[in-house]
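Here is how the chains run, residue by residue.
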Amino acid sequence: MSPTQLPDYGEVLAEVREVRRAGIVRLRELRLPVLSGMSAGPGEAGSGEPHFPAVERLLRTAVAAMGGGTLQEAAEYSLGLARGTRDWPPADRRRRAAQVYGVSVERFRKHQELMVLGQVAEQLVRAAAGSLPGDGAGRPPVLGGTSRQLAPSHRPVTVRAGGREHRLTLHVHPADLLRDIDVVVSPSNTHFALPEPYKSSVAASLRRAGAVRDPAGRIVEDRIRDELRAWTDRYAPRGLPVAPGTVAVTGAGALEEQGIRHIHHAAVAVPRPGTNDYDVLPADVTRAVTRVFALLAGGGPGRTSVCLPLMGAGRGGLAPADSLAAVWAAVEAELARGGDWDVHLLVRRPERADLVVELLTTPEGSRT
């Protein structure tokens, strides 16, 4: 790779996957021309110095730039970068990474693993783009440094539906930072069992932010959980799941102080018996979003704004593009029939926001 040439994402991903198979402890044995070229400072290529320490530093920098959470943790275990895992066999590293997402090893291999490694490759390519034509200090590019412009956390997106243009707002931050939105949609399973507040999902973030705490930070009222239990006691058969696409309405608890009025819990994830896995069908996501709009329409004046995450794109196993397509099918239909809603979309990472913008603004005929 020349000093002024961006690496190919596919080639970077292929070498990252090779590192996953071999592990950091075997970097010396691997032929990694792209990663070696990216990690070499000016004048270092062909210097005879071993490439593997610089490649390891480059990978650690890329993973650290993910900003924490399940994505970074799974990447660290997958590549053997987590403390004490350097010499773990690939099967053990994959098993531990699957546990981060709470899914089976096979499901992780088929779904989350490619996403995790793809994000490592994405960080590497972004760093290379930010470092051209080269770092004069002879160091690998530093991801997330001050030379990169921060991505906006709120993006206006203009879309077309029903022959008219509509303006949406795309939020790029955790769910608990939302402000001044009437209804926030929270993905749920068909038992309406909320995740523990310390977890990183949208439902967990909303539960955590909606709780009332004492001065020491301890939860004294788990308001969203309590209201959702009251809803299921009233409407759902005891111990039995609701139909996929069902939506339960609760208050927002302490989130009311941030201008959030209601939480719509959308049952889209069907637990797979005997496992920690879920199945999510795009049709159920579309059905749930359609129900959200129906509840908005019947809720009286004052409910005009709604925020929708990409449901099923986490543990549900849907690809982000498939999740967006399922959500958008209902949003587009509602806007096309004259619905005058202030629609917000929610993602956590800039890379996913870029995908959303691309898919919503690319003309249908030009998509490949």
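Quick caveat, the model's predicted, so the values are computed rather than measured.

About the criteria used
- Residues numbered from 1 in each chain as written.
- Predicted model: local features only at pLDDT ≥ 70, side-chain atom pairs only at ≥ 80, totals over all residues.
- Heavy atoms only, no water.
- Helix = DSSP H or I, 4+ residues; strand = E, 2+ residues; numbered from the N terminus.
- Buried < 20%, exposed > 50% of the residue type's maximum accessible area, 1.4 Å probe, protein only.
- Contact = heavy atoms within 4.5 Å.
- Areas by Shrake-Rupley, 256 points an atom, 1.4 Å probe, with all protein chains shown as cover.
- Phe/Tyr/Trp six-rings, centres within 6.5 Å; stacked < 30°, edge-to-face > 60°.
- Expected span 1.5 Å × (residues − 1).
- Pairing = 2+ DSSP bridges.
- Salt bridge = Lys/Arg side-chain N within 4 Å of Asp/Glu carboxyl O.
- Axes fitted to C-alpha atoms, helices over the stretch in contact; angles between N-to-C directions.
- Parallel < 35°, antiparallel > 145°, perpendicular 65-115°, else oblique.
- Nonpolar A, V, L, I, M, F, W, Y, C, P; charged D, E, K, R; others polar.
- pLDDT = per-residue confidence, 0-100.

1. Structural notes on the overall build of the chain
And step 1. Of the regular secondary structure elements, the chain holds 11 helices and 10 strands.
And step 2. Residue burial in the chain is summarised as follows: out of 368 residues, 45% are buried.
And step 3. In the chain, the share of contacts with a sequence separation of at least 24, taken over all contacts with a separation of at least 6, comes to 63%.
And step 4. Carbon and sulfur atoms form 50% of the exposed surface of the chain, whose accessible area is close to 18,100 Å².

2. A short note on the packing of aromatic side chains
And step 1. For the structure on display, the rule yields 5 aromatic pairs.
And step 2. An aromatic cluster is present here, built from Phe192, Trp231 and Tyr235 joined pairwise through their rings.

3. Examining helix 11 (residues 350-361)
And step 1. For helix 11, which comprises 12 residues, the first-to-last C-alpha distance of 16 Å matches the rise-based estimate of 16 Å (1.5 Å per residue) to within 8%.
And step 2. For helix 11, the set of buried residues is Glu351, Arg352, Ala353, Val356 and Leu360.

4. Digging into the pairing of strand 1 (residues 154-161)
And step 1. The two faces of strand 1 differ: Arg155, Val157, Val159 and Ala161 on one face are buried, but His154, Pro156, Thr158 and Arg160 on the other face are not.
And step 2. Where strand 1 meets strand 2 (residues 164-172), 8 bridges bridge the pair, whose relative direction is antiparallel. When the sheet's bridge partners are listed, Arg160 is paired in strand 2 with Glu165.
And step 3. Between strand 1 and strand 2, which pair antiparallel in sequence order, lie 2 residues; one of them, Gly162, sits at a positive phi of approximately 65 degrees.

5. Points about the pattern of salt bridges
And step 1. All chains considered together, the criterion is met by 23 salt bridges.
And step 2. Among the salt bridges present, the one from Arg26 reaches Glu29, with a minimum N-O distance of 3.1 Å.
And step 3. Linking Arg218 and Asp214 is a salt bridge whose minimum nitrogen-to-oxygen distance equals 3.1 Å.
And step 4. Judged by its relative accessible area of 54%, Arg218 is exposed.
And step 5. When salt bridges that share partners are traced, they join Glu122, Arg126, Arg155 and Asp354 into one network.

6. With respect to the environment of Glu165
And step 1. Relative to the assigned elements, Glu165 resides in strand 2.
And step 2. Note on Glu165: relative accessible area 56%, which makes it exposed.
And step 3. The spacing of Glu165 and Leu335 is 170 residues in sequence and 9.6 Å in space, taken between C-alpha atoms.

7. Structural notes on helix 1 (residues 9-22)
At 3.6 residues per turn, the α-helix brings residues three or four places apart onto the same side.
And step 1. For helix 1, built from 14 residues, the straight-helix expectation of 20 Å at 1.5 Å per residue is met to within 8% by its first-to-last C-alpha distance of 20 Å.
And step 2. For helix 1, every residue scored as buried is listed here: Val12, Leu13, Glu15, Val16, Val19, Arg20 and Ala22.
And step 3. Downstream of helix 1 by a residue or two, Gly23 has a phi angle that is positive, lying close to 90 degrees.

8. Topic: the side chain of Asp284
And step 1. Looking at the element boundaries, Asp284 is found in helix 9 (residues 282-297).
And step 2. Under the relative-accessibility criterion, Asp284 is labelled buried at 8%.

9. Some words on the environment of Glu332
And step 1. By the secondary structure assignment, Glu332 is in helix 10 (residues 320-336).
And step 2. On the basis of relative accessible area, Glu332 is assigned to the partly exposed category, the value being 34%.
And step 3. The residues touching Glu332, leaving out its near neighbours within four places in the chain, are Arg160 and Ala161.

10. Things to note about the packing of helix 4 (residues 69-79) against helix 5 (residues 90-101)
When two helices pack together, their arrangement is given by the angle between the helix axes and the distance between those axes.
And step 1. At a minimum axis separation of 7 Å, helix 4 and helix 5 run at an interaxial angle of 170 degrees. The pairing of helix 4 with helix 5 is recorded here as roughly antiparallel in orientation. Listed contacts from helix 5 to Thr70, Leu71, Glu73, Ala74, Tyr77, Ser78 and Leu79 of helix 4 are Arg93, Arg96, Ala97, Val100 and Tyr101.
And step 2. Broken down by class, the residue content of the contact of helix 4 with helix 5 amounts to 7 nonpolar, 2 polar and 3 charged.

11. Details of the side chain of Arg20
And step 1. Relative to the helices and strands, Arg20 is located in helix 1.
And step 2. Judged by relative accessible area, Arg20 falls into the buried class, the value being 8%.
And step 3. Apart from residues lying up to four places away in sequence, Arg20 is in contact with Ser78, Leu79, Pro90, Arg93, Arg94, Glu113 and Leu117.

12. With respect to the confidence of the model for the chain
And step 1. Here the chain averages 83 in pLDDT, while 86% of its residues score no lower than 70.
And step 2. Put simply, helix 6 (residues 105-131) is where the chain has its lowest mean pLDDT, 83, and strand 3 (residues 183-189) is where it has its highest, 96.
And step 3. Note on residues 132-148: pLDDT is under 50 here. Beyond four places in sequence and across chains, it has 28 contacts.

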